[in-house]
Amino acid sequence: MVREEPHVVWSLDGFSKQDEFLRMQRAISREQTIKLREVISPDADDPWMTYCYDVPLDAWTAVEEILQCGPLDPCLDYQISAGAGD
């Protein structure tokens with residue numbers, strides 16, 4: 001049973017492969033998060049993806065389709081992350 005959605009905001013974060021600094025961040029809606037759970041499996045104890053999850057290269061096509069975020073930047077490593085919401 002999936003527990004209630006927490007008060008969080010999700011984002012796609014791109015970190016530089018050279019210095020690991022955050023280079024881009026894109027908001028992810030609740031509806032997009034639900035679709036992403038089908039592509040990037042969250043941990044069993046984290047149904048709402050409140051932990052950070054790496055976006056593997058083989059999942060990028062599906063992630064791009066869900067988020068409409070454009071092509072992969074090969075200079076970045078991507079993660080789906082969550083933070084405290086209002």
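Presented here is a report on the structure given in the accompanying data block. Fair warning: this is a prediction, and the values are worked out from it, not measured in the lab.

**Some words on the nonpolar core**
Next, step 1: Grouped together as the largest cluster of nonpolar side chains are 18 residues, with contacts concentrated most on Leu-12, Leu-36, Val-55, Val-63 and Ile-80.
Next, step 2: For this core, the secondary structure elements donating two or more residues are strand S1 (8–16), helix H2 (60–67) and strand S4 (76–84).
Next, step 3: Ranked by the residues each element gives to this core, the list is headed by H2, at 4 residues.
Next, step 4: Excluding its chain neighbours within four sequence positions, the residues that come into contact with Ile-80 are Ser-11, Leu-12, Ile-28, Leu-36, Ile-40, Met-49, Tyr-51, Cys-52, Tyr-53 and Val-55.

**Things to note about the sheet that holds strand S3 (residues 53–54)**
Next, step 1: Overall, antiparallel pairing links the 4 strands, which are arranged S2-S1-S4-S3 in an open sheet. Pairing within the sheet leaves two strands with one partner each, and these edge strands are strand S2 (22–28) and S3.
Next, step 2: In this sheet, S4 lies alongside S1 in antiparallel orientation, the contact comprising 9 bridges. Bridged to Trp-10 within S4 is Ala-82.
Next, step 3: Across the sheet, helix H1 (residues 30–39) lies against S1, S2 and S4, angled at about 105° from S2, the strand it touches most.

**Looking at the pattern of salt bridges**
Next, step 1: The tally for this structure, following the rule as stated, stands at 2 salt bridges.
Next, step 2: Between Lys-17 and Asp-77 there is a salt bridge; the shortest N-O distance is 3.9 Å. Separated by 60 residues along the polypeptide, Lys-17 in the loop between S1 and S2 and Asp-77 in strand S4 bring together distant segments of the chain.
Next, step 3: Exposure remark for Lys-17: the relative accessible area of 46% places this residue in the partly exposed category.
Next, step 4: Since its relative accessible area comes to 41%, Asp-77 is described here as partly exposed.
Next, step 5: In this structure, Asp-19 and Arg-23 form a salt bridge, with 2.4 Å as the shortest nitrogen-oxygen distance.
Next, step 6: Taking the relative accessible area as the measure of exposure, Asp-19 reaches 34% and is therefore partly exposed.
Next, step 7: Since its relative accessible area comes to 48%, Arg-23 is described here as partly exposed.

The rules behind each value
Residues numbered from 1 in each chain as written. Predicted model: local features only at pLDDT ≥ 70, side-chain atom pairs only at ≥ 80, totals over all residues. Heavy atoms only, no water. Core = buried A, V, L, I, M, F, W, Y, C linked by side-chain atoms within 4.5 Å. Buried < 20%, exposed > 50% of the residue type's maximum accessible area, 1.4 Å probe, protein only. Helix = DSSP H or I, 4+ residues; strand = E, 2+ residues; numbered from the N terminus. Contact = heavy atoms within 4.5 Å. Pairing = 2+ DSSP bridges. Axes fitted to C-alpha atoms, helices over the stretch in contact; angles between N-to-C directions. Salt bridge = Lys/Arg side-chain N within 4 Å of Asp/Glu carboxyl O.

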